[in-house]
Amino acid sequence: MPELIDPTEDYSARFVIEAHPVHGRLVRLGETLDQILKAHDYPPQIANLLGEACVLAVLVGASLKFEGRLILQAQGDGVVRYVVADYDTKGGLRGFCRFDPEELAALVAANEGSFQSLGAQALLGKGTFIMTLDPENHGERYQGITPIEGESLALCAETYFRQSEQVPTQIKLACTEFAGEDGPNWRAAGAMIQAIAGDATRGDTKDSFQHIRALFETLGEEELTDFDLPADRLLFRLFHEDGVRLSAAKQIHKLCRCTQERVEGLVQSFSDEEQAEMLEADGRVHITCEYCSKTFFVGL
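If you're wondering where the values come from, they're calculated on a predicted model, not measured in any experiment.

Thoughts on the overall build of the chain
A tally of regular secondary structure across the chain gives 10 helices and 14 strands. Computed over the C-alpha atoms, the radius of gyration of the chain is 21 Å, within 12% of the 19 Å expected from 2.2 N^0.38 for a compact globule of 300 residues. Projected onto its principal axes, the C-alpha coordinates of the chain cover approximately 70 × 50 × 40 Å. Within the span of the chain, comprising 300 residues, buried residues form 48% of the whole. When contacts within the chain are restricted to residue pairs at least 6 apart in sequence, those whose partners lie at least 24 apart make up 62%.

Comments concerning the side chain of D88
On the secondary structure map, D88 appears in strand 4 (residues 80–88). Relative accessible area serves as the criterion here: at 9%, D88 is assigned to the buried category. Within polar-contact distance, the side chain of D88 engages the side chain of R257 at 3.4 Å. In contact with D88, not counting residues within four places along its chain, are G68, R69, L255 and R257.

Observations regarding the sheet that holds strand 12 (residues 253–254)
Pairing in this open sheet of six strands is mixed, and the strands run 7-6-3-4-5-12 from one edge to the other. Every other strand in the sheet has two partners, leaving strand 7 (142–147) and strand 12 as the edge strands with one partner each. In the sheet, strand 5 (residues 92–99) pairs with strand 12 via two bridges, with the strands oriented parallel. The residue of strand 12 that forms the bridge with L93 is K254. Sheet strands touched by helix 2 (residues 44–61): strand 3 (68–76), strand 4, strand 5 and strand 6 (127–135). Its angle to strand 4, the strand with the most contacts, is close to 35°.

Here we look at the packing of helix 2 against helix 5 (residues 153–165)
Running from N to C, helix 2 and helix 5 cross one another at 30°; their axes reach a closest spacing of 10 Å. In this view, helix 2 runs roughly parallel relative to helix 5, as classed from their interaxial angle. Between helix 2 and helix 5 lies a crossing whose hand is right-handed. Every residue of helix 5 that contacts helix 2 at L49, E52, A53, L56 and V60 is listed here: L153, A157 and F161. Broken down by class, the residue content of the contact of helix 2 with helix 5 amounts to seven nonpolar, no polar and one charged.

Describing the nonpolar core
Counting 61 residues, the largest nonpolar core has Y42, L56, V80, F129 and L153 as the members making the most contacts within it. Examining the composition of this core, we find that 12 residues originate from one element, helix 2, more than from any other.

The rules behind the values
- Residues numbered from 1 in each chain as written.
- Predicted model: local features only at pLDDT ≥ 70, side-chain atom pairs only at ≥ 80, totals over all residues.
- Heavy atoms only, no water.
- Helix = DSSP H or I, 4+ residues; strand = E, 2+ residues; numbered from the N terminus.
- Rg over C-alpha atoms; globule rule 2.2 N^0.38 Å.
- Buried < 20%, exposed > 50% of the residue type's maximum accessible area, 1.4 Å probe, protein only.
- Contact = heavy atoms within 4.5 Å.
- Polar contact = N/O pair within 3.5 Å; in protein donor to acceptor, adjacent residues only side chain to side chain.
- Pairing = 2+ DSSP bridges.
- Axes fitted to C-alpha atoms, helices over the stretch in contact; angles between N-to-C directions.
- Parallel < 35°, antiparallel > 145°, perpendicular 65-115°, else oblique.
- Left-handed = near helix turned anticlockwise from the far one by under 90°.
- Nonpolar A, V, L, I, M, F, W, Y, C, P; charged D, E, K, R; others polar.
- Core = buried A, V, L, I, M, F, W, Y, C linked by side-chain atoms within 4.5 Å.

This is the structure:
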């Protein structure tokens, strides 16, 4: 299988298993994710959660059959109030996480010495996992909601596909911090496989999916986040006996939709009395974007 991907880029790429009715997608995020996380200086536990959410949003969003956005959100009653990742089909990605620092510190201290890291359920508590599909050309918005089940966002997404889409799905996510030339950097990766529905020609695809799923389960987090291991070689290791074909990759980049014009329009949507209450000491309204942490100033 020829190398189709520049390993220095952040990308998503589809693949198909030639001997079985199974297809999948591989996502790797380096600089894009690093920019998203460093805009907020998140603690490691929060950075890991948001990193996995960003990868998951790309895994699902890059598979959309229309131009638009995939917004992934999980919210609960835990120390993390909610985590959001927003991907558009042009390759733009943004995300942020809201949490209580004091509650997080207490949770980390209570779990000190544990062999297990704090996963999605431990951080989010009881709540909901939401995927919103937003077509670009004013099509009908669709939102699927399932309860947060399982310790990871991957398990939440698998539950979503099983209950909302009736599509057998297996997902692996990994996020890690490593020592770069300019200091600590973040990278994350993920892979997803899904069964193609059976028909008169294919017959029942259940056994095929279980076979590929068993191979997929051997994929380790270190392999996923080893960007020196090319995508084609990684997939060949897993599926060489069944044949695997990798499609051309789509580049991913950090994107935030905040602009001075958007912020000014937002401020103008409030009444004169409300705008007066928003004024700071310098006579301007200060609005900070939750996604990129950039602060905008609006004079009245």
